Amino acid sequence: EKGNYRHYMQKEIFEQPVVVAQTLSSYIRPLEQTVALPQMDFDLSAIDRITIVACGTSYYAGMVAKYWFETFARIPVDIDVASEFRYRDPVLQPGGLALFISQSGETADTLAALRHCKAQGQTIAVVVNVPTSSMAREADLLLPTHAGPEIGVASTKAFTCQLAVLAALAAHLALCKGKLSAEEEREIVRHLIEAPAALNAALAHDEDISAMAHLVAPARDVLYLGRGPDYPLALEGALKLKEISYIHAEGYASGEMKHGPIALIDEAVPVVVLAPSGPLFEKTVSNMQEVRARGGKVVLISDAEGLAEAGEGCLATIEMPKVHPLIAPLVYAVPVQLLAYHVAVAKGTDVDQPRNLAKSVTVE
Ligand code: F6R
């Protein structure tokens, strides 16, 4: 089943260009360059608020989607981890869309949150990878990911497929709300179509990442920094690393560094910075300099332009293709997955079956 791969996780990381293309093919019409969502028996243009609920990696996909829904469709978004959601007695107004994101479709807290929202009259949309799951059955709008079965306990390909669906949904909502012209829609679709090739270009750096894993493997703690839609990717990178390599890792919004975590920085703490070149780049670079001034060792993940500007003096750099900001979160998922993977392999941990973890968390 694993073919030439050593682990399911590795195989699933490398499947991403194909499964993302597969997923996108049911959400876009490439010839017309338009977005295509499944039929629904409610009016999406009436949606004036979105509540996103999910756990773990799926929650981080939701955090990225919040940027997209707000930027493109100008719809306000609330987002919670499922285990907190019901207990804060959320205010759910009529006309709201509650969106649940889950690979398994069975995560107990997410399912309970779905039922809570349904009882409160919210319209229920789900992004799930298992089409026969409880969440899929209970949805008003089912948005499947076509990642295929995910065996590795650490989620990888399900995440990038979730992002692909959520980007298409954001574009569709923006159209419904009259916030997107037909030309802008075509432009978004063109960027999405480029995602599989960009994922391939990111995967081409597998060997570089494998070669630098020994620099991170001895660390006791690792920090991940990102800004904007790359902030959830920093959280995802930290989660992947701690799950499979058992190294303590934290993700932070780059600008939060100086509000506390900078106190942790010394020569022994690698800091992984996710920073595609673009409008947010300069700010992140200055946060990176603050780390370096305190002896911190930076692993910079950026494109050629970003690395030319700020790569010097880093512990290591990982080059990503230069991509449109819309697809950057999909592309930057690859190096953080591969880094966690190779560090875990270097440490000799059980990559596919990390201790204490289950693939599907069916208890609250
Ligand atoms: C992380 C991971 C978990 C899951 C979480 C939600 O690698 O796999 O954090 O993302 O348990 O699971 P689903 O998406 O099945 O609801």
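Please read these numbers as outputs of a predicted model, since none were measured by experiment. (Residues numbered from 1 in each chain as written. Predicted model: local features only at pLDDT ≥ 70, side-chain atom pairs only at ≥ 80, totals over all residues. Heavy atoms only, no water.)

Chemist: Help me understand the pairing of strand β6 (residues 123-128), please; the structure alone is not making it clear to me.
Modeler: Regular strands place side chains that alternate from one sheet face to the opposite one. Of all six residues making up β6, six are buried, and the element is well covered by its neighbours. The alternating pattern of β6 places Thr123, Ala125 and Val127 and Ile124, Val126 and Val128 on opposite faces, both of which are buried. Taken together, the six bridges between strand β5 (residues 96-102) and β6 define a ladder with parallel strand orientation. Looking across to β6, one finds that Ser102 is bridged to Val128. One crossover worth recording links β5 to the parallel β6 by way of helix α5 (residues 108-119), and it is right-handed. In terms of strand pairing, β6 meets strand β7 (residues 141-144) through four bridges, oriented parallel. Bridge pairing in β7 places Val128 opposite Pro144. (Buried < 20%, exposed > 50% of the residue type's maximum accessible area, 1.4 Å probe, protein only. Helix = DSSP H or I, 4+ residues; strand = E, 2+ residues; numbered from the N terminus. Pairing = 2+ DSSP bridges. Right-handed = clockwise from strand over helix to strand, strands pointing away.)

Chemist: Sorry if this is basic, but what is going on with the pattern of salt bridges here?
Modeler: Should the charged atoms of two oppositely charged side chains come close, the side chains can pair. Throughout the structure, instances matching the rule amount to 15 salt bridges. For Arg88, the salt bridge identified is with Asp80, shortest N-O distance 2.4 Å. Asp80 sits in the buried class, given a relative accessible area of 11%. Between Glu243 and Lys240 there is a salt bridge whose closest N-O contact spans 3.8 Å. Placement of the pair is Glu243 and Lys240 together in helix α10 (residues 230-245), with a separation of three residues, close to one helical turn. Residue class for Lys240 comes out buried when judged on its relative accessible area of 0%. Salt bridges here are not isolated pairs; linked through shared partners, they connect Lys11, Glu15 and Lys157. (Salt bridge = Lys/Arg side-chain N within 4 Å of Asp/Glu carboxyl O.)

Chemist: Looking at this structure, I do not really get unusual backbone geometry. What am I missing?
Modeler: Peptide bonds are trans in most cases, and residues, glycine excluded, mostly fall at negative phi. The phi dihedral of Arg74 falls on the positive side, at around 55 degrees, and the residue is not glycine. With respect to the secondary-structure elements, Arg74 resides in the loop between α3 (56-73) and β4 (77-81). Within the chain, Asp89 stands out as a residue other than glycine whose phi angle is a positive 50 degrees. Within the secondary structure, Asp89 sits in the loop between α4 (82-85) and β5.

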